[in-house]
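Listed below are the residues making up each chain.
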Amino acid sequence: MTVFIAIAVLLTLLVMAWIVRPLLRPAPAAGVSSERLNASIYRDQLDTLERDLARGVISPADCEATRDELQLRLLDDTEEPAPIQHTSGTSIWTGRLTAALIVVLMPLGSAGMYWLLGTPAAIDPAASQKANEDQAMKMVNSLAARLQANPDNPQGWAMLARSYKVMGRFDEAEQAFKKAGDLVNTNPDLMVDYADLLAVRANNNIEGKSLELVNKALSIDPQHPMGLMMAGVAAYRRSDFKGAVNRWETLLTLLEPGSPDAQQVETDIADARAKAGLPAAQKVTAPPATPAAGPGAEAGKLPPVDPAAAAAMTPEMINQMVDRLAARQKANPDDLPGWVRLAHAYKVQGRLADAEQAYAKASKLVDSDPDLLTQYADVLATRADNKIEGRPLALVNKALALNPKHPTALMMAGTAAYRRADYAQAVAHWEKVLSVLPPGSSDATQVQAEIADARAKGGLGLLAKP
């Protein structure tokens, strides 16, 4: 602000000096009067007349007549008043007065025009910030008024809740989340946002309703970055260090390797492992349901985040990380592991078309890794309304050729066989899945139920021993 004013004043002074300088120059001396000037002219004419007479150019009579005429004209001219001297001496509007008016009016006029036509608040950061806050406040209040008139708008209530949260109006944000109703209960992003709000209101304690929302979000999207971070923090704070390690190692596969977030998460994992008495991690893999242990998946790993600062991590931050990774890949298209990481990030965000393109650009790496093949197949199947046929099934079969006991590939192959009524093949695939799952786990129980259903529909009889 000070620099702007200084430059404006300097420019104004320079312009005024350029305009005023000619007006302050002293007026030329008025020592030559009109009478003296006329007399000098007629004197020259008389001298010329005398020279013409001496050379015989004119006669003495003509010379005498001309001399008389010149003398009469000289007499008339020398008797006239001197208007120039009179006007100059009695004028009130002088150059100095004009200069003084310019010096006074130009700065006032410039300042007035800037005040009317410019944006004075823009040169004051505090005023500019306040203006932006006022504008945002008006927009939020306008949205609130529209929702009061039309309360059957869940998307509007969700938007208002997020706005209130950013503004620190937590009570109103919670009420708005409640009015969003079923939309919150089906959207992992909104559930995590709501959980974060409740945690902030409870002095950053992720327990009770807040933790319920996080777990529900993860049941819909098991790889939701913010949900994983919060779930890990909650586990860490209740001394469930193994649970924290599991959540954060899953999160690590979603982050860009070497990024500040990834490095912080790795630090947190190391701390949780030490407190749990676990050995230091050699490499991070994703949960069995969505494996990420192959070379391509390992390339997709990224480091950890501070538990105390986890609540500050927002979906917007995740979006920014993905956008930065996409920009780097465009600049370095031969980075195949980078395309794998980007594809996985797009998949988590639900940007399935972008994920498919990213997997295609990493095809040389994908074709040799069963984990990546099944992840790619899952994206294609999701885009085809969960139909595991055609290209998705070809990728699954290719993954099984590389690893005949790959859990996710076996599950997908069994599902495809079940849907085309090939129940015997479905049972064969799912029984192989049982052999690699921990006995008694929730996944194993679910697979056993699927096998029993397929056996019943295929008339294969009951399984004697799972």
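Provided above is the structure to which this section pertains.
Cut-offs applied
Residues numbered from 1 in each chain as written. Predicted model: local features only at pLDDT ≥ 70, side-chain atom pairs only at ≥ 80, totals over all residues. Heavy atoms only, no water. Helix = DSSP H or I, 4+ residues; strand = E, 2+ residues; numbered from the N terminus. Buried < 20%, exposed > 50% of the residue type's maximum accessible area, 1.4 Å probe, protein only. Contact = heavy atoms within 4.5 Å. Areas by Shrake-Rupley, 256 points an atom, 1.4 Å probe, with all protein chains shown as cover. Core = buried A, V, L, I, M, F, W, Y, C linked by side-chain atoms within 4.5 Å. Polar contact = N/O pair within 3.5 Å; in protein donor to acceptor, adjacent residues only side chain to side chain. Patch = residues over 30% accessible without salt bridge, like charges linked within 9 Å, V, L, I, M, F, W, Y side chains within 5 Å. Salt bridge = Lys/Arg side-chain N within 4 Å of Asp/Glu carboxyl O. Phe/Tyr/Trp six-rings, centres within 6.5 Å; stacked < 30°, edge-to-face > 60°. Arc of directions from axis to C-beta. Expected span 1.5 Å × (residues − 1). Axes fitted to C-alpha atoms, helices over the stretch in contact; angles between N-to-C directions. Left-handed = near helix turned anticlockwise from the far one by under 90°. Parallel < 35°, antiparallel > 145°, perpendicular 65-115°, else oblique. Nonpolar A, V, L, I, M, F, W, Y, C, P; charged D, E, K, R; others polar.

Things to note about the overall build of the protein
In terms of helices and strands, the protein carries 24 helices and 0 strands. The buried share of the protein, reckoned over its 466 residues, is 36%. In the protein, 59% of the contacts between residues at least 6 apart in sequence involve partners at least 24 apart. Carbon and sulfur atoms make up 58% of the accessible area of the protein, which amounts to about 26300 Å² in all.

Concerning the nonpolar core
Leu160 and Trp248 are the most contacted members of the largest nonpolar core, which totals 50 residues. At 9 residues, helix H12 (residues 225-237) tops the list of elements feeding residues into this core. With residues near it in sequence (within four places) discarded, leucine 160 still touches Val140, Leu143, Ala144, Leu147 and Ala176. Among the nonpolar cores identified, the runner-up in size contains 47 residues, and Leu400, Ala409, Leu410 and Ala413 belong to it.

Description of the side chain of aspartate 196
Its location among the elements puts aspartate 196 in helix H10 (residues 188-201). Among the polar contacts made by the side chain of aspartate 196, one reaches the side chain of lysine 165 at a distance of 2.7 Å.

Observations concerning a nonpolar patch on the surface
On the surface, Trp93, Leu97, Leu101, Val103, Val104, Leu105 and Leu108 cluster together to form a nonpolar patch covering roughly 680 Å² of accessible area. Note on placement: valine 103 falls in helix H5 (residues 95-117).

Here we look at the packing of aromatic side chains
According to the stated counting rule, one finds 6 aromatic pairs in the structure shown. Aromatic pair phenylalanine 177 and tyrosine 194: ring centres 4.9 Å apart, planes at 15 degrees, arrangement stacked. Here the residue phenylalanine 177 occupies a position in helix H8 (residues 170-180), and tyrosine 194 occupies one in helix H10, the gap between them amounting to 17 residues. When sorted by exposure, phenylalanine 177 lands in the same class as tyrosine 194, which is buried.

Details of H8
If you check which residues of H8 are buried, you get Ala173, Glu174, Ala176, Phe177 and Ala180. All buried residues of H8 lie within an arc of 165 degrees about the axis, which places them on one face of the element. Each element contacted by the buried residues of H8 is listed here: helix H7 (154-167), helix H9 (182-186) and H10. At the exit of H8 stands glycine 181, carrying a positive phi of roughly 60 degrees.

With respect to the environment of glycine 208
Within the element layout of this structure, glycine 208 appears in the loop between H10 and helix H11 (209-220). Note on glycine 208: relative accessible area 43%, which makes it partly exposed. For the pair glycine 208 and alanine 195, spaced 13 residues apart in sequence, the C-alpha to C-alpha distance is 9.7 Å.

A short note on helix H22 (residues 407-419)
Quick reminder: α-helices carry 3.6 residues per turn. Residues three or four places apart thus point the same way. With 13 residues, H22 extends 18 Å from end C-alpha to end C-alpha; this agrees with the ideal 18 Å at 1.5 Å per step. Thr408, Ala409, Leu410, Met412, Ala413, Gly414, Ala416, Ala417 and Tyr418 are the residues of H22 that are buried. Note on H22: the residue one or two positions beyond its end, alanine 421, has a positive phi of about 70 degrees.

A short note on the packing of H7 against H10
Axis separation between H7 and H10 bottoms out at 11 Å; the angle between their running directions is 35 degrees. Here H7 runs over H10; the crossing is left-handed. Between H7, through Ala158, Arg162 and Lys165, and H10, the contact on the second element is made entirely by Asp189, Leu190, Asp193, Asp196 and Leu197.

So, the pattern of salt bridges
Overall, the coordinates contain 15 salt bridges when judged by the stated rule. With its nearest N and O atoms 2.6 Å apart, the salt bridge here joins aspartate 193 to arginine 162. Here arginine 162 lies in helix H7 and aspartate 193 lies in helix H10, a separation of 31 residues in the sequence. Overall, the relative accessible area of 6% leaves aspartate 193 in the buried class. The exposure class of arginine 162 is partly exposed, given its relative accessible area of 31%. Each of the salt bridges in this network shares a partner with another, and the network as a whole consists of Asp171, Glu174, Lys178 and Arg201.

Topic: the packing of helix H13 (residues 241-252) against helix H14 (residues 260-276)
Contact pair H13 / H14: the axes reach a minimum separation of 9 Å and the direction vectors enclose 155 degrees. As summarised for this structure, H13 and H14 are arranged roughly antiparallel, according to the angle between their axes. The handedness of the crossing between H13 and H14 is left-handed. Here Phe241, Lys242, Val245, Trp248, Glu249, Leu251 and Leu252 of H13 lie close against H14, whose contacting residues are Ala262, Val265, Glu266, Asp268, Ile269, Ala272, Arg273, Lys275 and Ala276. Partitioned by chemical class, the residues of the contact of H13 with H14 number 10 nonpolar, no polar and 6 charged.

A look at the environment of alanine 100
Structurally, alanine 100 is set in helix H5. For the pair alanine 100 and leucine 24, spaced 76 residues apart in the sequence, the C-alpha separation amounts to 9.8 Å.

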